[in-house]
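An overview of the molecular structure
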Amino acid sequence: MQSIAATNDPFESLSPPVMRASTVVFKTFDDFVQRKSRQPDGFSYGITGTPTARGLEKKIAALEGGRHCVVTPSGQSALMTTVMGFVRGGDHLLVSAACYGALKTFAQKWLAGMNVEVEFYPPAIGAEIESLIRPNTRMICMESPGTVTMEMQDTPAIAAVARRRGVLTMMDNTWASPLGFRPLAHGVDFSIEAATKFFGGHSDLLMGSISMNDHAHYEVLRETQSILGQQVSPDDCFLVLRGLETFKLRLEAQSASTLRVARWLADQPEVERLLYPPLESDPGHGLWKRDFHTNGCLFSLVLKPGPERAFHGFFDSLKQFVIGASWGGVHSLAAYYPAALQAERVFPATDQPVIRLSIGLEAADDLIADLKAGLAGYSALLAAR
Ligand SMILES: *Cc1c(COP(=O)(O)O)cnc(C)c1O
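A brief report on the enclosed structure follows.

Criteria and thresholds
Residues numbered from 1 in each chain as written. Predicted model: local features only at pLDDT ≥ 70, side-chain atom pairs only at ≥ 80, totals over all residues. Heavy atoms only, no water. Pairing = 2+ DSSP bridges. Helix = DSSP H or I, 4+ residues; strand = E, 2+ residues; numbered from the N terminus. Axes fitted to C-alpha atoms, helices over the stretch in contact; angles between N-to-C directions. Contact = heavy atoms within 4.5 Å. Buried < 20%, exposed > 50% of the residue type's maximum accessible area, 1.4 Å probe, protein only. Right-handed = clockwise from strand over helix to strand, strands pointing away. 1 Å grid on protein atoms, 1.4 Å probe; cavity = no way out; pocket = protein on both sides within 12 Å on 5 of 7 lines; lining within 4 Å. Points joined across faces, edges and corners; volume = space filled by probe spheres on them. Nonpolar A, V, L, I, M, F, W, Y, C, P; charged D, E, K, R; others polar.

**Some words on the sheet that holds strand β7 (residues 208–212)**
Spatial strand order, β1-β7-β6-β5-β4-β2-β3: seven strands in an open sheet with mixed pairing. Since the sheet does not close on itself, it has two edges, and those belong to β1 (68–72) and β3 (117–121), each with one partner. Averaged over all neighbouring strand pairs, the angle between strand axes comes to 20°, with direction disregarded. Relative to strand β5 (residues 168–172), strand β4 (residues 137–143) is paired through five bridges, and the arrangement is parallel. Counterpart to M139 in the pairing with β5 is L168. Taken strand by strand, helix α2 (residues 51–64) contacts β1, β6 (190–194) and β7, and its axis lies near 125° from that of β1. Against the sheet, helix α6 (residues 215–227) makes contact with β1, β5, β6 and β7, and its axis sits at roughly 15° relative to β1, the strand it touches most.

This is the structure in structure tokens:
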């Protein structure tokens, strides 16, 4: 192979190299014929990644306290790949009603159509999940706190029942990140992160990760990742590696602001309820306190009831918060989930519209002033009714 270097002087960078490849080149005929034996760690074709992806996977596995990691092109693809690796027609799949929406849609529209028995369970079920386990139950999906409505789950209790009954468990751990909770240490088989959020940290990429300890599971997921064509760009791996350099500091700063902003909101007359386990008033506070080590940067709130029109007053008054989905980046975001969406859910947490806030790195005082204007905008339109 030809080198592109113009000199023989040694070169080493502090940053990891971005190694791109579809074709991987082999020294000998035998190496090529036996290339598949290099899996699950080695390199045989671009679909299973290059050393850039492997470097990131090592780093994420270490954060999770796990032995292995597979990165995928989005958080949703990490959830889907984990299920597709192990669940087949005829199996029974248990999914928390507070799991990420696209995972639930995948289960209902695709898996159910492929003869998987999909069953949603109430997120607060705890050890009583045992009563739902059938002889063909293959996997339990968890997310704690749950998407948008933030219900805490008793993850260790569910994982213990599952282990005893020979059922696999996966947990979407994106809210806490492995710095705030380590699912693998609590007996969960697969810890999933949307690296799009905290790991990337700058709202400019999509990625997911699946971490685990069991080597046989790792082999299955590496094959599933490659057969489903779930390849991750080495450039995006580089950006996540860079994001991870500041991750701990970002999380600490954002989670301190988040608690301040949430406490302030909880005292405002326009606010009916905060959905945020770090607050003592939240029904999941006990589990959060027992298991978690971060306030996160994401919470939801329910305002005193008003027509959808009044929410224009809230969102249109915001200047610091940008209106948008996703979260975990350095810029604060506000998102809206209408009442109809909550009502559609099985085991709904509320029948009211929900506002979700992601707290970034702006000054907490500025964010509070912004929310004060938002609440005044809401009140003004309520009064105009
Ligand atoms: C955003 C998110 C996902 C999906 O991640 P994408 O990279 O956007 O596909 C999954 N789970 C949770 C909890 C999320 O917040």
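**Points about the pairing of β4**
Most of β4 is tucked away: six of the seven residues are buried. Relative to β4, strand β2 (residues 92–96) runs parallel, the two being bridged by four bridges. When the sheet's bridge partners are listed, L94 is paired in β4 with I140. Once the chain exits β4 it traverses helix α5 (residues 155–164) before rejoining the sheet at β5, and the crossover so formed is right-handed.

**Some details on the layout of surface pockets**
Taken as a whole, the largest pocket spans an internal volume of roughly 840 Å³. Every residue lining the largest pocket is counted, 41 residues in all, and those nearest its centre are C99, Y100, G101, A102 and T147. Mapped onto the lining of the largest pocket, the elements with two or more residues apiece are α3 (75–86), α4 (101–111), β6 and α11 (339–344). The element contributing the most residues to the lining of the largest pocket is α4, with five residues. For the lining of the largest pocket, a count of residues per class yields 20 nonpolar, 13 polar and eight charged.

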